[in-house]
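# Examining the three-dimensional arrangement
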Amino acid sequence: MPPHDFPLLPPGFRFGTSTASYQIEGAVAEDGRGPSIWDTFTAEPGRVVDGTTGEVACDHYHRVDEDVALMQELGTGGYRFSIAWPRIQPTGRGPANEKGLAFYDRLIDTLLEHGQQPMVTLYHWDLPQALEDDGGWLNRDTVDRFAEYAAIVGERFADRVEHWIPVNEPNVASVLGYSMGTHAPGKKLLFDFLPAAHHLLLAHGRAAIELRRAGATSIGCANNHAPIWPASDDDADVGMSKIFDALWNGMFLEPMLLGRYPADLMPLFDDVMQDGDLATIRQPLDFYGVNYYNPMKIAAADEDSEIPFDVREVIGYPTTDFGWPIVPDALREWLVMFRARFRAALPPIYITESGCSYATGPDENGVVDDQARIDYLRSHVNAVSEAITRGVDVRGYYCWSLMDNFEWAEGYTQRFGLVHVDYETLKRTRKNSFHWYADLIAAQPQHV
Ligand code: NOJ
């Protein structure tokens, strides 16, 4: 492919890849790691479509050198991963487990030796089970525990970590985990999930304070954002799509950036809100991380429905193997709107996740011809480039994911990687998209 076909990003733009601990590490009972809510959840029949767990996953815990070598070959400048809280504090409280810290010490040092700047998430959903036994994120005490954990890892790693993200996707963690019950801990509380959302936001703020105290210089977030489209022009659908937008997007970004909940939702937090909470949540952020996958279409639900909205299919666009619509324009539009609305309150943006699921595996020659992923990545990097042209300050793009991995309730059935993983042999195979991403990076005038 001629080099001019690659989207070119401004000098200094960062390309990276993203993963998360439970999705890739395996070694769940090794070196003192305690059980997390995902170990418990995946052991319950019917929770994960293929009945699998993260017990072995990609066995990354034992393959750090091989996996970091893949990143170096890609030519990325950064790698986003998460620290498993139950490796550091097996029961979520008390002194640090030295073997857990030592694993991430080695990972971070190996990354730095191979030109990969670490972007570290503290919580990518693997809550120590012992804390869930006491109420998990519904219990305000979990926020204090999280602040202690943040202080431990901050003290140990702040000297070597470029970017920090306290909490990955607090909306997905609280809505799927505590409202719908489709993710761990599997609680179906419908609107009673709101305390979990508030406590995750508070955890973000408290951890940011601890990290800063420990010397961290760049702290952000990784919020999942979906542009919300009304299913029709009908007043009921338009009104409900606005409420859903407030619940999915506004409820998480407004407290972080403005120190308030969307006005319509504010009364819902009366029971959990304490003086000073919103100020704690609104910590100065050095960057705002956006995880983007697709827009969502919302309609008002029937009167007798459990919840007042219906998620409808977005029709008229191609979809990934997950069935998610491919709409790169929606990413560009969302970024442009985001800047227009928040202006001075908005720090530089990183795309902390963007990617797609396609099942393509190796053919008889070992080639993984995942042209659909190349097309997806090209169009989304292009959307970012267009947003930059329109004045949005986007500094980086981290592809989800470096390799195929455990996709939560979908088990191993959805493959998001640039690298194919054979879950029998754990062999890694570079997909065509891996080579394309490497070429894209090499074509940039100057990347970091
Ligand atoms: C966002 C989550 O952070 C990540 O864990 C997940 O695998 C991807 N979305 C794809 O669903």
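Residues numbered from 1 in each chain as written. Predicted model: local features only at pLDDT ≥ 70, side-chain atom pairs only at ≥ 80, totals over all residues. Heavy atoms only, no water.

This part takes up the overall build of the chain. Along the backbone of the chain there are 14 helices and 13 strands. With respect to the principal axes defined by its C-alpha atoms, the chain has extents near 55 × 55 × 45 Å. Residues classed as buried in the chain amount to 59% of the 448 residues present. Carbon and sulfur atoms form 50% of the exposed surface of the chain, whose accessible area is close to 16,700 Å². Mean positive and mean negative side-chain charge positions of the chain (36 and 65 charges, respectively) differ by 5 Å. (Helix = DSSP H or I, 4+ residues; strand = E, 2+ residues; numbered from the N terminus. Buried < 20%, exposed > 50% of the residue type's maximum accessible area, 1.4 Å probe, protein only. Areas by Shrake-Rupley, 256 points an atom, 1.4 Å probe, with all protein chains shown as cover. Lys, Arg positive; Asp, Glu negative; His and termini not counted. Charge placed at Lys NZ, Arg CZ, Asp CG, Glu CD.)

Here the focus is helix H5 (residues 98-113). With 16 residues, H5 extends 22 Å from end C-alpha to end C-alpha; this agrees with the ideal 22 Å at 1.5 Å per step. Gly100, Leu101, Phe103, Tyr104, Asp105, Leu107, Ile108, Thr110 and Leu111 are the residues of H5 that are buried. Residues of H5 that are buried make contact with helix H1 (21-24), helix H3 (64-74), strand S2 (78-82), helix H4 (85-88), strand S3 (117-123) and helix H7 (141-157). A positive phi of about 75° marks Gly115, the residue just after H5. (Expected span 1.5 Å × (residues − 1). Contact = heavy atoms within 4.5 Å.)

What follows is about the pairing of strand S8 (residues 296-300). Judged by how many residues are buried, S8 sits mostly within the fold: 4 of 5 residues are covered. In this sheet, S8 lies alongside strand S6 (residues 228-230) in parallel orientation, the contact comprising 3 bridges. Bridge pairing in S8 links Trp229 to Lys297. By the bridge criterion, 4 bridges tie S8 to strand S9 (residues 309-312) in an arrangement that is antiparallel. (Pairing = 2+ DSSP bridges.)

Structurally, Val327 is set in the loop between S9 and helix H12 (328-342). When its relative accessible area of 4% is taken as the criterion, Val327 is described as buried. For the pair Val327 and Tyr293, spaced 34 residues apart in sequence, the C-alpha to C-alpha distance is 8.5 Å. Look past the residues within four positions of Val327 in its chain and what remains in contact with it is Trp229, Tyr292, Pro295, Tyr317 and His380.

Taken together, the neighbourhood of the ligand is formed by 13 residues, with Gln23, His124, Glu353, Glu407 and Trp408 sitting nearest. One of the side-chain nitrogen or oxygen atoms of Gln23 is found 2.7 Å away from an oxygen atom of the ligand. One of the side-chain nitrogen or oxygen atoms of Trp408 is found 2.9 Å away from an oxygen atom of the ligand. Here the ligand has 300 Å² of accessible area as a free molecule, and 95% of this is covered by the chains. Here the shell around the ligand is built from residues that sort into 6 nonpolar, 4 polar and 3 charged. (Near = heavy atom within 4 Å. Polar contact = N/O pair within 3.5 Å; in protein donor to acceptor, adjacent residues only side chain to side chain. Nonpolar A, V, L, I, M, F, W, Y, C, P; charged D, E, K, R; others polar.)

Bringing the side chain of His124 into the picture now. Tracing the backbone through its elements, the reader meets His124 in the loop between S3 and helix H6 (129-133). A relative accessible area of 2% places His124 in the buried class. Here Asn168 takes part through its side chain, which lies 3.0 Å from a polar atom of the side chain of His124. Apart from the residues within four sequence positions on either side, His124 is in contact with Thr19, Ala20, Gln23, Arg80, Ser82, Asn168, Glu353, Trp400 and Trp408.

Backbone-to-backbone hydrogen bonds join strands into a sheet, with any given pair of strands oriented parallel or antiparallel. Pairing within the open sheet is mixed, and its 3 strands lie in the order S6-S8-S9. Sheet topology places S6 and S9 at the edges, where each strand pairs with a single neighbour. The mean angle between the axes of side-by-side strands here comes to 40°, regardless of whether they run parallel or antiparallel. (Axes fitted to C-alpha atoms, helices over the stretch in contact; angles between N-to-C directions.)

Attention shifts here to the UniProt feature "active site" (unreviewed entry) in the chain. Here the UniProt feature "active site" (unreviewed entry) sits at Glu169 and Glu353. Over a stretch of 185 residues, the named residues converge on one spot in the fold, their C-alpha atoms separated by at most 10.5 Å. Structurally, Glu169 is set in the loop between strand S4 (163-167) and helix H8 (170-180). Within the secondary structure, Glu353 sits in strand S10 (residues 349-354). Relative accessible area serves as the criterion here: at 4%, Glu353 is assigned to the buried category. Of the polar contacts made by the side chain of Glu353, one reaches the side chain of Asn291; its length is 3.1 Å. (UniProt positions renumbered as here; feature names shortened; annotations may be inferred.)

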